[in-house]
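# Structural features, examined
One letter stands for each residue in the lines below.
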Amino acid sequence: SMSLWRLLVYLGPGFLVAIAYIDPGNFDTDIRAGSMYKYQLMWMLSLATIMGLIVQFLACKLGLVAEKDLAQQCRESYPKGLNFFLWIMAEIGIIASDIPEILGTAYALELLFGIPLVWGVLLTALDT
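Residues numbered from 1 in each chain as written. Predicted model: local features only at pLDDT ≥ 70, side-chain atom pairs only at ≥ 80, totals over all residues. Heavy atoms only, no water.

### What about the overall build of the protein chain?
When helices and strands are counted, the protein chain shows six helices and zero strands. Tracing the protein chain from N to C terminus, the helices and strands come up as α-α-α-α-α-α. Buried residues in the protein chain amount to 10% of all 128 residues. For the protein chain, the share of sequence-separated contacts (at least 6 apart) that also reach a separation of at least 24 residues comes to 33%. Of the accessible surface of the protein chain, which amounts to about 10300 Å², a share of 72% is contributed by carbon and sulfur atoms. (Helix = DSSP H or I, 4+ residues; strand = E, 2+ residues; numbered from the N terminus. Buried < 20%, exposed > 50% of the residue type's maximum accessible area, 1.4 Å probe, protein only. Contact = heavy atoms within 4.5 Å. Areas by Shrake-Rupley, 256 points an atom, 1.4 Å probe, with all protein chains shown as cover.)

Have a look at this one:
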């Protein structure tokens, strides 16, 4: 049976991930882009949010029922080659989501402190 403490162990990280997913900066960017096109792209924001919530729900359900995270379940369920491919795809996704943050911070360092863009990228990459 699931104890309250065990439930809280899963709810804490899930709550943090949900807050990070529903980032005000992402909504701001999406809404501004949508307003430029008279909200014709608003369906994309809604669809992405619904899809993200479904994935969050399924991951939470997996954690509560199987008491495993997605990586553990994939390792047990799939062959080694497919697990390697999933790992590479996850790493590519992480890199793709970090690139805008690294470039944004590098531009901010250049504007605020006059640090050259290349050095700003290196400093930011070391921090990430």
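### Some thoughts on the pattern of salt bridges
All told, the structure shown has one salt bridge when counted by the stated rule. Lys 68 serves as the salt-bridge partner of Glu 76, at 2.4 Å between the closest nitrogen and oxygen. (Salt bridge = Lys/Arg side-chain N within 4 Å of Asp/Glu carboxyl O.)

### Some points on the side chain of Thr 124
Turning to its location among the elements, Thr 124 is positioned in helix α6 (residues 117-127). Residue classification places Thr 124 among the buried positions, given a relative accessible area of 6%. Within the local environment of Thr 124, its side chain forms a polar contact with the backbone oxygen of Gly 120, the two atoms lying 2.7 Å apart. Dropping the residues within four chain positions of it, Thr 124 is found in contact with Glu 101, Ile 102, Thr 105, Ala 106 and Leu 109. (Polar contact = N/O pair within 3.5 Å; in protein donor to acceptor, adjacent residues only side chain to side chain.)

### Describing the layout of surface pockets
The rolling of a water-molecule-sized probe over the atoms marks out the regions of remaining empty space. Looking at the second largest pocket, its volume works out to about 370 Å³. If you go around the second largest pocket, the residues you meet are Ala 71, Gln 72, Cys 74, Arg 75, Lys 80, Asn 83, Phe 84, Leu 86, Trp 87 and Ala 90. Listing elements by their share of the lining of the second largest pocket, those giving two or more residues are α4 (70-77) and α5 (80-113). Examining the composition of the lining of the second largest pocket, we find that six residues originate from one element, α5, more than from any other. Of the residues that constitute the lining of the second largest pocket, the class distribution is six nonpolar, two polar and two charged. (1 Å grid on protein atoms, 1.4 Å probe; cavity = no way out; pocket = protein on both sides within 12 Å on 5 of 7 lines; lining within 4 Å. Points joined across faces, edges and corners; volume = space filled by probe spheres on them. Nonpolar A, V, L, I, M, F, W, Y, C, P; charged D, E, K, R; others polar.)

### Quick look at the side chain of Asn 83
Examined against the element boundaries, Asn 83 turns out to sit in helix α5. Here the side chain of Asn 83 touches Tyr 78 through a polar contact of 3.1 Å, landing on its backbone oxygen. For Asn 83, the contacting residues outside a window of four places in its chain are Cys 74, Arg 75 and Tyr 78.

### Things to note about the packing of aromatic side chains
Given two aromatic rings, their pairing is described by the distance between the two centres and the angle made by the two planes. The tally for this structure, following the rule as stated, stands at one aromatic pair. An angle of 45° between the planes, with centres 5.6 Å apart, marks the rings of Phe 84 and Trp 87 as tilted. In this pair, Phe 84 and Trp 87 both sit in helix α5, three residues apart, roughly one turn of the helix. Note on Trp 87: relative accessible area 47%, which makes it partly exposed. (Phe/Tyr/Trp six-rings, centres within 6.5 Å; stacked < 30°, edge-to-face > 60°.)

By themselves, these are just geometric observations and shouldn't be taken as functional.
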